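Each chain, written out:
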Amino acid sequence: NLDDIFGTVDRLLQGSTTMQQNTSRFEQSLNAANDEIRRLRSELESLRQDAMNDELTGVFNRKAFDIELAQFLNHGDHGPSIHLAMLDIDHFKQFNDRFGHMVGDRVLGLVGKQLNAAARVGVSVYRYGGEEFALVFCGGSFEQAVQFAENLRTTIGNLVLRDTRSGERLSGITVSIGIAARHRGETAEQLLGRADTALYRAKESGRNRVCSAS
């Protein structure tokens, strides 16, 4: 009869309303969950960046260098050309001895800022340890990498360390750089060893210069 039909329709409408309300609550919960997932992903990415960055200089840290150099070399001899430069701040100990460790940190920060400004696609910069930095060139010719290192040396040589209160010139800043092109089949350790040898030669021959590995 009609009463049964209307009663059934009413129950269906009530059930539909309840379903819509449940669906709406589910969508709200789903949206909230997605927002939380995005927030957590953002925090994880921020933590990952913090773990890979050197806080004092603003460049990538030694951990990032070890990981990324290995990744660059994973392509073997079929990947892009790889060149490695090791950079050392000349007479860094004298900054700490003459002016204190806070000034030494300022020097590291100034050099790090200059390195970050010079970094670009295909050139990654890392703080290797202490006053030593590493640059990895992925792609391009060795001659281009050497010229880049020479330009960087000149640019850093124009930096002047001044007293923050008086503006008095305290000292200039220079760097020595050793650079090596990866040979076929060469490991990260072998490449690093040759770049280090070139850096040692740059320091032994008077500093404030770029030396290439054979």
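Conventions we followed
Residues numbered from 1 in each chain as written. Predicted model: local features only at pLDDT ≥ 70, side-chain atom pairs only at ≥ 80, totals over all residues. Heavy atoms only, no water. Helix = DSSP H or I, 4+ residues; strand = E, 2+ residues; numbered from the N terminus. Pairing = 2+ DSSP bridges. Axes fitted to C-alpha atoms, helices over the stretch in contact; angles between N-to-C directions. Contact = heavy atoms within 4.5 Å. Buried < 20%, exposed > 50% of the residue type's maximum accessible area, 1.4 Å probe, protein only. Polar contact = N/O pair within 3.5 Å; in protein donor to acceptor, adjacent residues only side chain to side chain.

S.K.: Would you mind going over unusual backbone geometry in detail, with residue names and values included?
M.R.: The general pattern is negative phi for most residues beyond glycine and trans for most peptide bonds. Phi is positive for His 91, close to 50°, though the residue is something other than glycine. Locating His 91 in the fold gives a position in the loop between strand 1 (82–89) and helix 3 (92–99). The phi dihedral of Arg 207 falls on the positive side, at around 65°, and the residue is not glycine. As for its position among the elements, Arg 207 is in the loop between helix 6 (188–204) and strand 7 (210–212).

S.K.: Pulling in residues and values, what's your account of the sheet that holds strand 6 (residues 175–181)?
M.R.: Overall, mixed pairing links the 5 strands, which are arranged 2-3-1-6-7 in an open sheet. Edge positions in the open sheet fall to strand 2 (123–129) and strand 7, since each of these has one partner strand only. When strand polarity is set aside, the average angle formed by the axes of neighbouring strands in this sheet is 20°. With 7 bridges joining them, strand 1 and strand 3 (residues 132–138) adopt antiparallel strand pairing. Residue pairing across strands places His 83 opposite Phe 137, the latter belonging to strand 3. Strands strand 1, strand 2 and strand 3 of the sheet are contacted by helix 2 (residues 62–73), whose axis makes an angle of about 135° with strand 2.

S.K.: Go over the environment of Ser 176, please, and point to the residues and values.
M.R.: Residue position: Ser 176 is located in strand 6. The buried category is assigned to Ser 176, whose relative accessible area is 0%. Along the backbone, Ser 176 and Met 86 are 90 residues apart, and their C-alpha atoms lie at a distance of 8.3 Å. With residues near it in sequence (within four places) discarded, Ser 176 still touches Met 86, Leu 87, Asp 88, Asp 90, Leu 199, Ala 202, Lys 203, Arg 207, Asn 208 and Arg 209. One polar contact links Ser 176 to Asp 90, side chain to side chain, over a distance of 2.6 Å.

S.K.: Give a detailed account of the environment of Arg 207, specifying residues and quantitative values.
M.R.: Residue Arg 207 is classed as partly exposed on the basis of its relative accessible area of 28%. When the C-alpha atoms of Arg 207 and Val 175 are compared, they prove to be 7.0 Å apart, with 32 residues separating the residues in sequence. Residues contacting Arg 207, with those up to four places away along its chain left out, are Asp 90, His 91, Ser 176 and Ala 202.

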